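Chain residues, written in single-letter form:
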Amino acid sequence: MNSCGVSLSAATVALGDEAKKMAAGKASRDSEEESLSLTVEEREALGGMDSRLFGFVRLHEDGARMKTLLGKAVRCYESLILKAEGKVDSDFFCQLGHFNLLLEDYSKALSAYQRYYSLQSDYWKNAAFLYGLGLVYFYYNAFHWAIKAFQDVLYVDPSFCRAKEIHLRLGLMFKVNTDYKSSLKHFQLALIDCNPCTLSSAEIQFHIAHLYETQRKYHSAKEAYEQLLQTENLPAQVKATVLQQLGWMHHNMDIVGDKASKESYAIQYLQKSLEADPNSGQSWYFLGRCYSSIGKVQDAFISYRQSIDKSEASADTWCSIGVLYQQQNQPMDALQAYICAVQLDHGHAAAWMDLGTLYESCNQPQDAIKCYLNATRSKRCSNTSTLAARIKFLQNGSDNWNVVQSLSHHPVQQVYSLCLTPQKLQHLEQLRANRDNLSPAQKRQLEQLESQFVLMQQVRHKGVAQGLHKSQSSCVSGPNEEQPVFSTESAQYQQATSTGIKKPNEHLTLPSNSVPQRNADSHLSSHIATSGGQQGIIFTKESKPSKNRSLVPETSRHTGDTSNGCADVKGLSNHVHQLIADAVSSPNHGDSPNLLIGDNPQLSALLIGKANDNVGTGTCDKVNNIHPAVHTKTDHSVASSPSSAISTATPSPKSTEQASINSVTSLNSPHSGIHTVNGEGLENSQNSTKVDLPLVSHRSTSQIIPSMSVSICPSSTEVLKAFRNLGKNGLSNSCVLLDKCPPPRPPTSPYPPLPKDKLNPPTPSIYLENKRDAFFPPLHQFCTNPKNPVTVIRGLAGALKLDLGLFSTKTLVEANNEHMVEVRTQLLQPADENWDPTGTKKIWHCESNRSHTTIAKYAQYQASSFQESLREENEKRTQHKDHSDNESTSSENSGRRRKGPFKTIKFGTNIDLSDNKKWKLQLHELTKLPAFVRVVSAGNLLSHVGHTILGMNTVQLYMKVPGSRTPGHQENNNFCSVNINIGPGDCEWFVVPEDYWGVLNDFCEKNNLNFLMSSWWPNLEDLYEANVPVYRFIQRPGDLVWINAGTVHWVQAVGWCNNIAWNVGPLTACQYKLAVERYEWNKLKSVKSPVPMVHLSWNMARNIKVSDPKLFEMIKYCLLKILKQCQTLREALVAAGKEVIWHGRTNDEPAHYCSICEVEVFNLLFVTNESNTQKTYIVHCQDCARKTSRSLENFVVLEQYKMEDLIQVYDQFTLGLSLSSSS
Ligand SMILES: [Zn+2]
């Protein structure tokens, strides 16, 4: 707990002194102020309280007393700050932020933290502050900022005591952001950590299983769920939810055999789930869907009825009920049900569509049009274009229709009036409840409403037999301010889930009296499988007046409800649900199939330990006080105004602005009940959050240098001075230079921005005529000059008489036909653009799914692809002879249709040519290259690593068909790369200078993509808008492309061709600096650095004479820093009585990485006892070791270098006099 930079006790003591001084100065204090001073005991108690207690306050025996104390402290601090007119130590604000956070007053916490942030320039040293800030951002769904704050915490303090909580929350946020790789990594990191956090490991495991499901890895998901079921003492709620997921997954997916058996599995799972939790309306709903799909209508109705009885009725349930009625030729009941659905959720596109088809079937095209329009207005409408066409069709045909139309059944308006509005029904309930105390006017109102109610009951006379009539008649939703915020979202997910899995029998069978053929367009009548939101559906049941409790909106329910811990339990539910729900509404949703967020509200039930209204039975103590984040969507439901009857419904413009979850705008919506209690506080807090949130980011955009970077490197004399001290007395901890470093940040866009006419610069190119040209030393200098992000060396193969035929597909097959090829399955995209699979809009995400094959098989594919295209060309030619001549010119383009659906192509990539025996001739041929581009050379840093880094210091081969794309990236650790096109076809390159990588990183974040890990293809228009220069050129066979350190690039094949590529690390300050910066950035982002820079730096010091003073300083500085770390860690271990066992290392021993977090581990290896005995040596970093075993009892510490040895290497590493080797 000493990682916090602020001395909290000091702050409170100071406060005490201040208070005393004031007390002395002001004799005439009133008694209220008197009570505002803190006693010594109180100050002591407060001294240990900061953000790290968040979620754990309640665990304390005297949680209530602590809250009182915190409240007093807040008042005390506030009054002190007020009296001092804000001129207090910045730590006061930090502390005030912590107190408010612990009291769950998020807006006050945020504003206090912001004061601290603006006053404290080295705020980043304060892990507790960053953690608190991250929690506040998380609460506000400002995930972008929350992720940054949390990553900063782990960067500045990898051993932070709440690392597990951070990993859990990062996992959740990345899941929402559809960055599944990162999500999984963080969940796993949370899982290995034995410290407490707000979820149990069963729940974290559930999230991992669900993550697979979300990615449509159904078999992995099934396996993980089933494994979870084997867990001993699995909490009932987790069990119920796991079974529910399994059931629903079996219903939707083809995991097992035929339809009959999959539905029977699904039903079994759901029934078991209901055994574990009989009160889950969600499970009942799913069960209803399963029965419905196999034609067991009666069972389906019973299940839906049960679902509604469990108070989890939702728009989805009603929509499904409507479908069922419609299938039973009961249009009036169907109508009622659909209307219930859209009343509950005005944006329920599926219900509107189904209602539309119902009206069509009843000869009411005008009403149908209105419904379809409402459907298209919904954000969640998945087939707007089809609907638009249908609307047009109906509009054109409706003139005739009106004539044909016989007695109208019930126009939209009319029907609607038969159904009481939610407001009226609620009003009715209220009047009924107060029957004895009504004014005459109110009594009249009651009478009116009662008669309307009776009328409404009468209208739906048919449904009685189906056992739904009672509940149906009481279909009521709360006033819109109180409308469920989440149900809408989950419905949306379900739409996403089910679009691909819609079953024919989900389509409506139309009532027999319907107008024939009008609805033959079954795409419109498709009932989009929905599985619903759970809660907030204010479902009044006459039989259980107590259910009125559910009329209390989520927002206010947790307000000040401190006595009831379960309010918070629900809160967590909401929150996590919110996370998941938001994912669905995130901007990219629906564009790409992998964005499917398979979720349902039950997940939140899982997390809370109990579903919705079962207050009092939850596992409150476990989840503590993570608060709900109901705000984001509240706006949305407010937007769908209660008064909007079917025909007049117009979503407010606000609702369309809800899309971006990460944006600060999400804060504009009314949030938590804390504000609704203090009505006036709402406005203020909104403003403050709106204005303040981005603040941190503004500061952070200024370039902060990563810890090992040159910019903070002192002059060599200082380093040497530090070194001398080291040599004599060991390492001095007081060395300022070696203090913590701020977390790295991407560079901001270079300023001033380039004028638009400079955005397409010519590519630096060098034409070679002979061998002498190739070995001309300035060529090396030209390529490594940081001013040239890329250099094309034209005609290199010819000049050197390289035999490129050795890398031709034919030769490769002859040499090693069974050799493994990684395959990327991609879409053949038009020209330089990247469209979503449906071809509706340009996106950054690019499809690139991985699989494997052999060289022989890929060669076959490559050849047949070529022949096929020849055949197509010939066909086109003959066709064009028959057509006019004008058109034949455009034949080239016609091969690439502008928009989807796109052809699928395969790209053979990352073929490993490292084996010198298998690829002897090929590798030998490459030794003819000039030294600076050779795979191995003395001047290549990667030749000093001492071991193989596949694809970096070994050759990789690429086999391509036209359109094969290498998505945008920087090379591993920003190393330079060499790429030779073997031919016969060309490649097209797109290149952006290194200093713009921050801009590209921003674009990736905006598009919910991971700059380092995802596949993305930049939209050139976006780059042009952002003034990013793009070099663009064609690489012909025999051309060598030199990508300079850090250059961002993406490549596509124009023709059929092979390429070979590898990395090199020129011995320059620029290369070393960028490599180290990326090393730190990777660490921040939890991504493995393929180049072990620490290990490499020591090898450099041993092997290389460096004559560039700048490079020398940087290396020296890094060595010093590492020396200090080694020494400090070693001393700490020994002091704690942990034996450090000498292990040494073998000559070619690779660098070590932590098997958990993948960070490089140097010198002191934490190896599990077990693997040490077995000599398998599973290495951990210290932090991961301590997470699994706090006092390291399960680990041995192996030492690979003697301190004296390291000091000697450091000592002997001196500035050389001339360049060591340049060519
Ligand atoms: Zn680790």
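Please refer to the structure placed before this passage.
What you see is a predicted model, and the numbers here were worked out from it, not measured in a lab. (Residues numbered from 1 in each chain as written. Predicted model: local features only at pLDDT ≥ 70, side-chain atom pairs only at ≥ 80, totals over all residues. Heavy atoms only, no water.)

Chemist: It is not clear to me how the pattern of salt bridges should be interpreted in this structure. Could you clarify?
Modeler: Here the idea is simple: oppositely charged side chains can pair when their charged atoms come close. Counted under the stated rule, the structure contains 27 salt bridges. Between Asp 832 and Arg 1032 there is a salt bridge, and its shortest N-O distance comes to 2.7 Å. Of this pair, Asp 832 sits in the loop between β3 (820–827) and β4 (849–854) while Arg 1032 sits in strand β10 (residues 1031–1035), and the two are 200 residues apart along the sequence. We classify Arg 1032 as partly exposed; its relative accessible area is 39%. Here Arg 1102 ties to Asp 1205 by a salt bridge, and the two come within 3.7 Å at their closest N and O atoms. Of this pair, Arg 1102 sits in helix α49 (residues 1093–1103) while Asp 1205 sits in helix α53 (residues 1203–1212), and the two are 103 residues apart along the sequence. Residue Asp 1205 is classed as partly exposed on the basis of its relative accessible area, which comes to 27%. Bridged by salt links that share partners, the residues Glu 822, Arg 824 and Arg 850 form one connected network. (Salt bridge = Lys/Arg side-chain N within 4 Å of Asp/Glu carboxyl O. Helix = DSSP H or I, 4+ residues; strand = E, 2+ residues; numbered from the N terminus. Buried < 20%, exposed > 50% of the residue type's maximum accessible area, 1.4 Å probe, protein only.)

Chemist: Could you clarify how one ought to interpret the packing of aromatic side chains in this entry?
Modeler: Aromatic ring pairs are described here by two measures, namely the spacing of the ring centres and the angle between the planes. Going through the model one piece at a time under the given rule, you end up with 32 aromatic pairs. Both rings, one in Tyr 131 and one in Phe 150, keep their centres 6.0 Å apart while their planes meet at 45°; by these two values the pair is tilted. Of this pair, Tyr 131 sits in helix α7 (residues 127–139) while Phe 150 sits in helix α8 (residues 143–156); the two residues are 19 residues apart in sequence, bridging distant segments of the chain. Classification of Phe 150 as buried rests on a relative accessible area of 0%. Among the aromatic residues, those joined into a ring-pair cluster are Trp 844, Trp 997, Phe 1003, Phe 1011, Trp 1016 and Trp 1081. Across the ring face of Tyr 1024, the terminal group of Lys 756 is positioned such that the distance to the ring centre comes to 4.8 Å. In this structure, Arg 965 is placed above the aromatic ring of Trp 1017, and the distance from its NZ or CZ to the ring centre is 3.9 Å. (Phe/Tyr/Trp six-rings, centres within 6.5 Å; stacked < 30°, edge-to-face > 60°. Lys NZ or Arg CZ within 6 Å of the ring centre and 35° of its normal.)

Chemist: Got a minute to help me understand the sheet that holds strand β8 (residues 976–984) in this structure?
Modeler: The strands making up a sheet associate through hydrogen bonds between their backbones, and the pairing can be parallel or antiparallel. Taken in spatial order, the nine strands line up as β1-β2-β11-β8-β13-β6-β5-β3-β4 in an open sheet, and their pairing is mixed. The strands lining the two open edges of the sheet, one partner per strand, are β1 (765–767) and β4. Between one strand and the next, the sheet's axes are offset by a mean angle of 25°, whatever the strand orientation. Sheet topology places β8 next to strand β13 (residues 1057–1064); eight bridges connect them, and they run antiparallel. Within β13, the position partnered with Pro 984 by the bridge is Cys 1057. (Pairing = 2+ DSSP bridges. Axes fitted to C-alpha atoms, helices over the stretch in contact; angles between N-to-C directions.)

Chemist: What's the story with the environment of Asp 333 in this structure? I'm lost.
Modeler: Along the polypeptide, Asp 333 turns up in helix α18 (residues 331–344). Look at Asp 333 and you get buried, because its relative accessible area is 0%. Residues Asp 333 and Val 323, spaced ten residues apart in sequence, show a C-alpha to C-alpha distance of 9.7 Å. Within polar-contact distance, the side chain of Asp 333 engages the side chain of Gln 330 at 2.8 Å. (Polar contact = N/O pair within 3.5 Å; in protein donor to acceptor, adjacent residues only side chain to side chain.)

Chemist: What is the right way to read unusual backbone geometry from this model?
Modeler: Glycine aside, negative phi is the norm for most residues, and most peptide bonds take the trans geometry. Each neighbour pair has its own omega, and for Tyr 751 with Pro 752 the value is -5°, a cis peptide bond. Mapped onto the elements of the fold, Pro 752 is located in the loop between α37 (716–729) and β1. Residue Pro 984 is bonded to the preceding Gly 983 through a cis peptide linkage, with omega at 0°. Within the element layout of this structure, Pro 984 appears in strand β8. The phi dihedral of Asn 910 falls on the positive side, at around 50°, and the residue is not glycine.

Chemist: It is not clear to me how the side chain of Ser 90 should be interpreted in this structure. Could you clarify?
Modeler: Here Ser 90 shows up in helix α5 (residues 90–102). A distance of 2.4 Å separates the side chain of Ser 90 from the side chain of Gln 120, its partner in a polar contact. With residues up to four places along the chain from it excluded, the contact list for Ser 90 reads Tyr 116, Leu 119 and Gln 120. (Contact = heavy atoms within 4.5 Å.)

Chemist: I would appreciate a short explanation of the sheet that holds β10 in the present structure.
Modeler: Taking strand neighbours across the sheet as the criterion, the four strands line up as β7-β12-β9-β10 in an open arrangement whose pairing is antiparallel. Of all strands in the sheet, those bounded by a partner on one side alone are β7 (965–969) and β10. Within the sheet, the average angular offset between the axes of one strand and its neighbour, ignoring direction, is 15°. Direction of pairing for strand β9 (residues 987–992) relative to strand β12 (residues 1048–1053): antiparallel, over a ladder of six bridges. By the bridge assignment for β12, Val 992 is matched with Val 1048.

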